[in-house]
Amino acid sequence: MISQYRTAPGPEVAVALSRDGPHGPVIHAINQTARDRGITAEARVVDMRAIHPDLHVEEADIAGDKALLRRLEHWSRRWCPWSVLDTDDGLILDVTGSAHLFGGEAALLHDICNRFAMQGLTARLAMAPTRGGAQALARFGPQGSICTHTDLAAKLGPLPAHALRLDKATAQLLNRLGLKTIGALCDVPRTALMRRFATLPEDQNPLILLDRALGQAADPLNAPPDPLQFMARSSLPEPVIDPVPHLKSLAEDLCTQLAKAEQGARQVQLTIYRIDGEWRSVQVATARASRDPLHLLRLFDGKLDGVDPGFGFDLLTFEATRVEPVSLIQDRLDGKRDPDADIASLLDRLTARLGKDKVTWSTWSQSHKPEHVEARVPALQGAPEAPLVLPRARPIRILTPAEEVTVIYAVPEGPPSQFRWRRVLYKTTRYAGPERIAPEWWKDRPGSRLRDYYKIEVQDGRRFWLYREGHLHDRRGDTPRWFVHGFFA
Amino acid sequence: MENDSSYGQVLHLPRRTPSGPRIKADQAGCPALTDIFPLHPFDPSATGFLLSLLPETTRPALWIQDRASRQENGQIYGPSLPAFGMDRPVLQVHVSHPRDVLWAMEEGAACAGLSAVIGEIHGAPAVLDFTATKRLAMRADASGVPVFLIRSGDPGGLSAARERWRVGALPSQPDPLDVQAPGKPHWDADLFRARTRRPGRWRAQYDPDAKRAADRLRLVSRTDDRALEAGDQPIPHRPRA
């Protein structure tokens, strides 16, 4: 799918989408102009470019296509109750008993074609009494063909044998045997095919596929359920400015819906629809699924001040945009509160008010550099990790970034005996070190200098963690500088 | 903790038993709200002292810093906390304004699932007044979660804290293996206001190698060699039944 943010090339340009193959990019899909010029899918992009230098190649967004198709799967339930994805590029709708609602089968196909065209998509359609027959007709038969039980075999007959979705090797084998069409396959005595194919799995077995396409074997449709949607809405007779008085009933309504479905909200969105046609929404997230109306409401404290109501609004919706299954749990027999639930709701409140990056757990990583050992993960996404125990003493507080100190009186081997930091002069009384921390050559830029760390105690007992960056003749810069990186308790 | 020892005698501060969520703070031995004033700028002795005071549990702790104290005193360095017996995850909250620190501390103090709430506020902002500390103390009283407030660069105004400490660094003990190296830390701990016990001044030390977890914080009196008054009984920890 060509990116929607750029102007797409016109229909006169041969366009191909590429994807990664085992030996370089291969062509994933092509447009009609490219097909007319003899470009085929699955060919290598370099070969096709050599033949057609003006071929326009874009990268295929396979995951995006799949996501779109999955949305279309649910959207297409406007015509029928059951729909399911058919491999990577098709949809199967079971329109049994619903065609008359759209004025018959031909009118239904016409409506589907139009609706897809309105979305900018070209649909190849076919209607058949079986799933295998419909997919073969849609891909290899005439556009919009409709067949019934009586003429199913006749309509499938001229289609190539691989339209049954046989794998490549079997299709090639049948081709060599001269069984090029489905009709030819039907004419062969069944016992002859059974001798060869009876024990093979279904994608190599033309007997099974033929039976399914002709309706002699069952091929049921396993349609996924509709996505759950939880939304409470309240339409007001008069436009109002303040949403707060309506929130309580909305939250209770939403939580009743969630409780009925045994779900809990992980993300809730409040949307107001203003009378000038604009809308504003506020979103909050929770650390664990909740359907407690008071808790959900508390998360909106202070968040509604920033919402501009304009001249007022007359419609509010309160929607759970992400849900997780939660059943009724009794954690404890003594009726006390669950401490984990308390912490989860505390996380929600802190995050909702302060922001997601401000409330964090620690996470540890393997690194030589002391400032990289600890990283922070947002509390709503991460989980608390067990504390890290280091073999060497580390300062209880560190400065990020380390602050440079002015050395007043240096000793050749060892820490400065007098230094100035934040305009105060300190005299070293005792020190321990150095502890040398080498740069990480696999990560750092070339020319990074090593660090020699000293634990230094000054006269009044305060303990610094100082380091010298590099040493004098390491050919990586001038005279080494000194930094204070942390403080020991 | 005894109120004041005779000179030179080492006192063992009993380490708290795990405080369940329903045990009130005063019953568990941890005061509801404790103010700690660092004696010197950017001196983390107060932090070390506070960590040695914490009860032993595995429940997470909440640590809130405002921007000024992050810049002045540095950030808490997670890997060093187990050295002071902090063997639990720490939920860190970084905010920019002291108002948000107080709000987050109040939220945390009301949450009985936490093992401790520690807030840091630098300077003496106007929002940190008696009312704010009173609110914190009442919340902590109700939930039983010990709450600590590190107030650096603060002369110390009115406060509803149950205990108020001044903690500073002292020259450390000699290292047994290296003459010129600083050894175990020593702190000057001055309890200048307390509700349930007598104020005093001690030389404190954290001993991670103590055999029992209860003996880890050692307090040695720094007052003069003065006789105890007649009838001067140490105030008991918990009210007798």
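These numbers were taken from a predicted model, which means no experiment stands behind them.

## Some details on the overall build of chain B
Next, step 1: Scanning chain B from terminus to terminus reveals five helices and 11 strands.
Next, step 2: With 241 residues in all, chain B has 48% of them scored as buried.
Next, step 3: Taking all contacts inside chain B whose residues are at least 6 apart in sequence as the whole, residues at least 24 apart take part in 75%.

## Regarding the overall build of chain A
Next, step 1: Of regular secondary structure, chain A possesses 14 helices and 19 strands.
Next, step 2: Counting every position in chain A, which comprises 489 residues, the buried fraction comes to 28%.
Next, step 3: Across chain A, the fraction of contacts at a sequence separation of at least 24, relative to all contacts at a separation of at least 6, is 49%.

## Let's talk about the interface of chain A and chain B
Next, step 1: Across the boundary between the two partners, chain A contributes 46 residues, which contact 48 residues of chain B.
Next, step 2: Of all the secondary-structure elements, those providing two or more residues to the side of chain A that touches chain B are helix H13 (339–354), strand S12 (359–364), strand S13 (374–378), strand S14 (397–409), strand S16 (424–437), strand S17 (451–458) and strand S19 (481–488) of chain A.
Next, step 3: Among the elements that line the side of chain A that touches chain B, the one with the most residues is H13(A), at eight residues.
Next, step 4: Counted by class, the side of chain A that touches chain B contains 24 nonpolar, five polar and 17 charged residues.

## Examining the sheet that holds strand S1 (residues 15–21) of chain A
Residues and elements named next belong to chain A.
Next, step 1: Overall, mixed pairing links the three strands, which are arranged S2-S1-S3 in an open sheet. Only two strands of the sheet have a single neighbouring strand rather than two, namely strand S2 (24–30) and strand S3 (56–59). The average angle at which neighbouring strand axes cross in this sheet is 45°, direction not considered.
Next, step 2: Pairing of S1 with S2, which is carried by six bridges, proceeds in the antiparallel orientation.

## Observations regarding the environment of Pro416(A)
Residue and element names in this part refer to chain A.
Next, step 1: Mapped onto the secondary structure, Pro416 falls in the loop between S14 and strand S15 (418–421).
Next, step 2: A count of 22 C-beta atoms within 10 Å places Pro416 in the buried class.
Next, step 3: Between the alpha carbons of Pro416 and Tyr431 there is a distance of 9.9 Å; along the sequence they are 15 residues apart.
Next, step 4: Pro416 has contacts with Val407, Tyr409, Ala410, Thr428 and Trp482, leaving out every residue within four places of it along the chain.

## Quick look at the pairing of S1(A)
Next, step 1: Relative to S3(A), S1(A) is paired through four bridges, and the arrangement is parallel. Looking at the pairing, Ala16(A) lines up with Val57(A) of S3(A).

## Focus: the sheet that holds strand S11 (residues 313–325) of chain A
All names here are of chain A.
Next, step 1: Taken in spatial order, the four strands make up an open sheet running S8-S11-S9-S10, and their pairing is antiparallel. Strand pairing shows two members of the sheet lacking a second neighbour, strand S8 (230–240) and strand S10 (279–290), which therefore form its edges. On average, adjacent strands in this sheet sit at an angle of 15° to one another, irrespective of strand direction.
Next, step 2: Relative to S10, strand S9 (residues 263–274) runs antiparallel, the two being bridged by eight bridges. Residue Leu270 lies in a different strand from S10, and its bridge partner there is Val282.
Next, step 3: Against the sheet, helix H11 (residues 244–260) touches S8, S9 and S11, its axis set at about 160° to S8.

## So, the pairing of strand S8 (residues 163–170) of chain B
All names here are of chain B.
Next, step 1: Pairing of strand S2 (residues 33–38) with S8 involves five bridges; the strand directions are parallel. Paired with Ile36 across the two strands is Trp165, which belongs to S8.
Next, step 2: Summarising the sheet, S8 and strand S9 (residues 186–194) pair through eight bridges and their orientation is antiparallel. Bridge pairing in S9 places Ala169 opposite Trp187.

## Observations concerning the packing of H13(A) against helix H4 (residues 98–109) of chain B
Next, step 1: It is at 10 Å that the axes of H13(A) and H4(B) come closest, and there the two elements cross at 165°. On the basis of the axis angle, H13(A) is roughly antiparallel to H4(B). The way H13(A) lies across H4(B) gives a crossing that is right-handed. Mapping the contact onto sequence places Leu346(A), Arg349(A), Leu350(A) and Leu354(A) in H13(A) and Asp100(B), Ala104(B), Glu107(B) and Gly108(B) in H4(B).
Next, step 2: In terms of residue class, the contact of H13(A) with H4(B) is made up of four nonpolar, one polar and three charged.

## A look at helix H5 (residues 130–143) of chain B
All names here are of chain B.
Next, step 1: Its 14 residues give H5 an end-to-end C-alpha distance of 20 Å, which sits within 8% of 20 Å, the value for a rise of 1.5 Å per residue.
Next, step 2: Turning to H5, its buried residues number three or more, namely Ala132, Thr133, Leu136, Ala137, Arg139, Ala140 and Ser143. For H5, the arc enclosing every buried residue in end-on projection is 165°, short of the 170-degree limit, so these residues lie on one face. Residues of H5 that are exposed and point more than 90 degrees away from the buried face comprise Phe130 and Thr131.

## Brief notes about unusual backbone geometry
Residue and element names in this part refer to chain A.
Next, step 1: Omega for the bond connecting Thr400 with Pro401 falls within 30 degrees of zero, at -5°, which places this linkage in the cis form.
Next, step 2: Within the fold, Pro401 resides in strand S14.
Next, step 3: Phi angles above zero are rare outside glycine, and Arg475 is one such case at about 55°.
Next, step 4: Within the secondary structure, Arg475 sits in the loop between strand S18 (463–469) and S19.
Next, step 5: According to the C-beta neighbour criterion, Arg475 is exposed, with 6 such atoms within 10 Å.

## Quick word on the confidence of the model for chain B
Residue and element names in this part refer to chain B.
Next, step 1: Overall, the predicted model of chain B reaches an average pLDDT of 80, with 76% of residues at or above 70.
Next, step 2: Across residues 1–12, where pLDDT falls below 50, the model places 25 contacts with residues more than four positions away in sequence or in other chains.
Next, step 3: Counting interchain partners and residues more than four positions distant, the pLDDT-below-50 stretch residues 17–28 has 27 contacts.
Next, step 4: For this predicted complex, the interface confidence reaches an ipTM of 0.79, while the overall pTM sits at 0.68.

## Overview of the environment of Met127(A)
Residues and elements named next belong to chain A.
Next, step 1: Positionally, Met127 belongs in strand S6 (residues 126–127).
Next, step 2: In the structure, Met127 is positioned 33 residues away from Asp94 in sequence and 9.7 Å away in space, judged by C-alpha atoms.
Next, step 3: When residues no more than four places from it in sequence are discounted, the contact partners of Met127 are Glu105, Leu109, Ala134 and Ile146.

## Some remarks on the environment of Pro439(A)
Residue and element names in this part refer to chain A.
Next, step 1: Inspection of the secondary structure puts Pro439 in the loop between S16 and S17.
Next, step 2: Judged by local crowding, Pro439 falls into the partly exposed class, with 18 C-beta atoms found within 10 Å.
Next, step 3: Residues in contact with Pro439, not counting those within four places in the same chain, are Asp444, Ser448, Arg449 and Leu450.

Analysis parameters
- By convention here, each chain's residues receive numbers from 1 onward along its written sequence.
- Each chain gets a letter, beginning with A, and each ligand a number, beginning with 1, in the order they are written.
- A pLDDT threshold of at least 70 governs which residues receive local features in this predicted model, and a stricter bar of 80 or more applies before side-chain atom pairs are shown or counted, although totals over entire chains, interfaces and linings include all residues.
- Helix and strand definitions follow DSSP, with helices as H or I runs of at least four residues and strands as E runs of at least two, each counted in order from the N terminus.
- Exposure classes come from backbone-placed C-beta atoms, where a residue is buried if 20 or more other C-beta atoms lie within 10 Å of its own, exposed if 12 or fewer do, and partly exposed in between.
- Think of it this way: build a C-beta for each residue from its backbone, and any pair within 7 Å is a contact.
- Gly is put with the polar residues, along with every residue not named as nonpolar or charged; the nonpolar set is Ala, Val, Leu, Ile, Met, Phe, Trp, Tyr, Cys and Pro, and the charged set is Asp, Glu, Lys and Arg.
- Strands pair, by our definition, only if DSSP identifies at least two bridges between them.
- Axes here refer to lines fitted to C-alpha atoms; in helices the fit is confined to the stretch in contact. Angles between the N-to-C directions go from 0 to 180 degrees.
- Our angle categories are set so that under 35 degrees counts as roughly parallel, over 145 as roughly antiparallel, 65 to 115 as roughly perpendicular, and the remainder as oblique.
- Handedness of each helix crossing follows the sense of rotation of the near helix against the far helix: counterclockwise by less than a right angle gives left-handed, clockwise gives right-handed.
- An expected span of 1.5 Å times one less than the residue number is assigned to each helix.
- Relevant arc is that of directions from the helix axis to the C-beta atoms, nothing else.
- As a per-residue quantity, pLDDT reports the predictor's confidence and falls between 0 and 100.

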